[in-house]
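Here are the chains, one letter per residue:
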Amino acid sequence: MAQEKQVILLPEYVTVRELADIIGASPIEVMKRLIANGIMASINQQIDFDTAAIVTEEMGFEAHSAAAIAVEEEKQKAVEAQTWRKKYAEEKPESLIRRPPIVTILGHVDHGKTTLLDTIRKSTVAAGEAGGITQHIGAYRVNHNGHQITFLDTPGHEAFTAMRARGAQGADVAILVVAADDGVMQTTREALSHAQAANVPVVVAITKTDKRNANIENVKKMLADIGLTPDEWGGDTLVVPVSAQQGTGLDDLLEAVLLTAEDKEIVANPNASPSGITLEAEVSPHQGTMATLLVLNGTLKRGDTVIAGQAYGRVKAMFDEKGNKLEEAGPSTPVRVLGLSEPPMPGETFETTKNDKSARVIADERKDATAARLVRPERVFTLEDIFAQFESGKAKELSLILKVDVQGSLQPIVDGLMNISGDNKDGITIRILAADVGNISENDVNLASASGAIIIGFSVDVDNAAHRTADRTGVDIRLYNIIYKLFEDIALALQGMLEPVFADKTIGTAEVRQIFRIPKAGTIAGSYVRDGELRRNAKVRVKRGNRIIAENLGVASLKREKDDVREVRSGFECGVSLNNFDGFVVGDMMEFYVSERVN
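Novice: Hey, could you go over the environment of Asp461 for me, with residue numbers and the actual values?
Specialist: Here Asp461 lies in the loop between strand E25 (454–458) and helix H15 (464–473). Its relative accessible area of 52% is what places Asp461 among the exposed residues. Each C-alpha atom of the pair Asp461 and Leu479 lies 8.1 Å from the other, and the pair is 18 residues apart in sequence. If sequence neighbours within four positions are ignored, Asp461 has contacts with Asn439 and Ile440.

In structure tokens:
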């Protein structure tokens, strides 16, 4: 029986030296293996996962992608969170009571989010943070006229979105901070998009009203332009001018939060099995794993056995945000707990189990499931499958993020999409989460990932970071240069008639320089890779001059020297044999290509 290979986890990119350390080999041996596969790399040069996997498998290891596992973990968290939310929704109405609202503060990086929160809870967090910027996720409670409010102290909308991407809502109300001197910034609009995507109502705090160049009326006009019309102008957004330095307007802001929360059904069952979300976690050298949990339902007690992701353990001690010991914590209460086996990831939902043994079994099952999920990420939601999602009851609307080249294109495209939505008789509506000018950024992809949205780009490009994040998270990005084609695809998608389109992409070319006819092996084309790379799983077309003499051919073998290889890169020689073709002549060109989905 063949010996089972040792499994190792590899990052997306790793240097030759790092790879050698991981597998316990010498860098020279790794470099030799790379050269044998047609890859020249120095000891400090980075190679990608696929290349590293070839080397490690040849040296007796089984390589798994750490990035792919991380993506699958995120998908599993979303599934677990959906089950958790369903269980929460099944609570009997008579057992529910109103719980304190949970509030997050979003906005531009230097518009005073932490200083505002610091003033509200009368502590000194802002002064202790590097550069005045929040460095961690925490939670704090304040009382206003006998009503309790829980504040999430987050680094910004990225953390808020990351929590939602893991399936945790994280907030009932959002305070959008806008500085009276700067007004609405690009980051402000992004933060608003994230709050709206989460269906979280927004209260606006206009900060820095004490500054000389403060212009509150101009800020209100800018807010109205992005859909946040102040209530005093006939809108439905509560806008409160505040000055953290002078301490003015804070009571009005807290009152606005409570008024906004009253319109929502913020309830919990304090007698239910406790559950909630993880806000942060760390390992203390003196106390061990310390996790900050936010209880959303039930009452967490000291001695309860908690499981959060792959972390589990009995709660040995609980502390509030001031360091006071607690015996129990009800809904909307943030607590720091001791006793978990390892730090859970922020955004992980937690629940309690009967005992340590059952918690350990669940944690082990999750670890095994994670190790088994090694496929590369599939697109979680595509334009082609919106109708099927609707018919299966998984989707009621098509969420879009729109990016265009110029301001003049924005409104006509938005209006056109809304007309398509209104004309659709099948019941699927279009929801535009964000619409702006500029290239597609990583923030756009993060928002789409957390919201199950599709990104539509009109005459724009995609940033490199956005490309990488979209590949990792499976976000569908559609690019258009013709407006009627954009509208046509959306209309067809809503009717379930849009079919995916694929096109051939050339990945490498090779010149035939020698021909070998080997008994039993057939005809081998000794070739030189002119550009790109040759892959064993690609298709091949053979060209003689400008004429294609054969195409759609499979690769029978790809060799470097005497070794079978998966790929050969530009500048190296190799031997190629093709299925059902042996008519090579010297000078023929082989084009290796793959089929990729396009708009």
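Novice: Tell me what's going on with H15, and back it up with residues and numbers.
Specialist: Owing to its 3.6 residues per turn, the α-helix brings residues three or four apart onto one side. Residues of H15 that are buried: Ala466, Thr469, Ala470 and Thr473. Buried residues in H15, looked at end-on, bunch into an arc of 100°, giving them a common side. When the buried face of H15 is taken as reference, the exposed residues oriented beyond 90 degrees from it are Asn464, Arg468 and Asp471. Along its buried surface, H15 packs onto helix H14 (442–451) and strand E26 (477–480). Backbone geometry just downstream of H15 places Gly474 in the positive-phi region, at approximately 80°.

Novice: Explain the sheet that holds strand E22 (residues 349–353) residue by residue, including any values.
Specialist: With respect to topology, eight strands assemble into an open sheet ordered E17-E16-E22-E13-E14-E21-E18-E19, the strand pairing being antiparallel. Among the strands making up the open sheet, the edge pair consists of strand E17 (311–314) and strand E19 (325–326). Of the strand pairs in this sheet, strand E14 (residues 288–297) and strand E21 (residues 333–338) are connected by six bridges, and their pairing is antiparallel. Residue pairing in the sheet places Met290 in a bridge with Leu338 of E21.

Novice: Now, about the packing of helix H8 (residues 186–197) against H14: what can you tell me, with residues and values included?
Specialist: Axis angle and axis distance: for two packed helices, these are the angle between their axes and the distance between the axes, and together they describe the pair. With their axes 10 Å apart at the nearest point, H8 and H14 run at an angle of 5° to one another. As the angle between them shows, H8 and H14 are arranged roughly parallel. On H14, the residues touching Glu190, Ser193, His194 and Ala197 of H8 are Asn443, Leu447 and Ser451. Its residues placed into classes, the contact of H8 with H14 shows two nonpolar, four polar and one charged.

Novice: Describe the pattern of salt bridges, listing the residues and the values that go with them.
Specialist: This model, assessed by the stated rule, comprises 32 salt bridges. With a closest N to O distance of 3.4 Å, Asp436 and Arg189 form a salt bridge. On the criterion of sequence distance, the pair formed by Asp436 in strand E24 (residues 429–437) and Arg189 in helix H8 is long-range, its members being 247 residues apart. Taking the relative accessible area as the measure of exposure, Asp436 reaches 14% and is therefore buried. Judged by relative accessible area, which is 30%, Arg189 ranks as partly exposed. The partner of Asp444 in a salt bridge is Lys403, and the shortest N-O contact between them spans 2.7 Å. A residue pair is termed long-range when its members are at least 10 positions apart, and Asp444 in helix H14 and Lys403 in strand E23 (residues 397–404) qualify at 41 residues.

Novice: Requested: an account of the sheet that holds E25, with residues and values cited.
Specialist: The strand order across the open sheet formed by four strands is E24-E23-E25-E26, and the pairing between neighbours is parallel. Both outer strands of the open sheet, E24 and E26, are each paired with one neighbouring strand and no more. Within this sheet the neighbouring strands show an average axis-to-axis angle of 25°, counted without direction. Strand direction decides the pairing type here: E23 and E24, joined by eight bridges, are parallel. Its bridge partner being in E24, Leu402 is matched across the sheet by Ala435.

Novice: Tell me about the confidence of the model for the chain, and name the residues and values.
Specialist: With 82% of its residues at a pLDDT of at least 70, the chain reaches an overall mean of 81. This stretch, residues 123–137, has a pLDDT under 50; its non-local contacts, to residues over four places away or in other chains, come to 28 contacts. In the model, residues 372–378 has pLDDT below 50 throughout and makes 19 contacts with residues more than four positions away in sequence or in other chains.

Novice: Give a detailed account of unusual backbone geometry, specifying residues and quantitative values.
Specialist: Positive phi, normally seen in glycine, also occurs at Asn145, with a value near 50°. Using a relative accessible area of 61% as the deciding quantity, one classes Asn145 as exposed. In this structure, Asn580 takes a positive phi of about 60° despite not being glycine. Mapped onto the fold, Asn580 is located in the loop between strand E33 (573–578) and strand E34 (589–598).

Novice: Residues and numbers for helix H9 (residues 216–225), please.
Specialist: Along H9, the positions that sit buried rather than exposed are Val219, Lys220 and Leu223. Here the buried residues of H9 occupy an arc of 100° about the axis, which is enough to place them on one side. Residues of H9 that are buried in the fold lie against strand E9 (173–179), strand E10 (202–207) and strand E11 (239–241). Of the residues flanking the end of H9, it is Gly227, one or two places downstream, whose phi is positive at about 95°.

Novice: Quick rundown of the packing of H14 against H15? Include the residues and the values.
Specialist: The contact between H14 and H15 brings their axes to 8 Å, and the two run at 20°. Here H14 lies roughly parallel to H15, going by the angle between them. Here the hand of the crossing between H14 and H15 comes out right-handed. Only Ala465, Ala466, Thr469, Ala470 and Thr473 of H15 make contact with H14, whose side of the interface consists of Glu442, Val445, Asn446 and Ser449.

Novice: Please set out the packing of aromatic side chains residue by residue, giving values where relevant.
Specialist: According to the stated counting rule, one finds one aromatic pair in the structure shown. Relative to Phe584, the ring of Phe581 has its centre 5.1 Å away and its plane inclined at 85°; by these criteria the two rings are edge-to-face. Residue Phe584 is classed as buried on the basis of its relative accessible area, which comes to 3%. A cation over an aromatic ring shows up here: Arg541 above the ring of Tyr593, its NZ or CZ 4.1 Å from the ring centre.

Cut-offs used in this document
- Residues numbered from 1 in each chain as written.
- Predicted model: local features only at pLDDT ≥ 70, side-chain atom pairs only at ≥ 80, totals over all residues.
- Heavy atoms only, no water.
- Helix = DSSP H or I, 4+ residues; strand = E, 2+ residues; numbered from the N terminus.
- Buried < 20%, exposed > 50% of the residue type's maximum accessible area, 1.4 Å probe, protein only.
- Contact = heavy atoms within 4.5 Å.
- Arc of directions from axis to C-beta.
- Pairing = 2+ DSSP bridges.
- Axes fitted to C-alpha atoms, helices over the stretch in contact; angles between N-to-C directions.
- Parallel < 35°, antiparallel > 145°, perpendicular 65-115°, else oblique.
- Nonpolar A, V, L, I, M, F, W, Y, C, P; charged D, E, K, R; others polar.
- Salt bridge = Lys/Arg side-chain N within 4 Å of Asp/Glu carboxyl O.
- pLDDT = per-residue confidence, 0-100.
- Left-handed = near helix turned anticlockwise from the far one by under 90°.
- Phe/Tyr/Trp six-rings, centres within 6.5 Å; stacked < 30°, edge-to-face > 60°.
- Lys NZ or Arg CZ within 6 Å of the ring centre and 35° of its normal.

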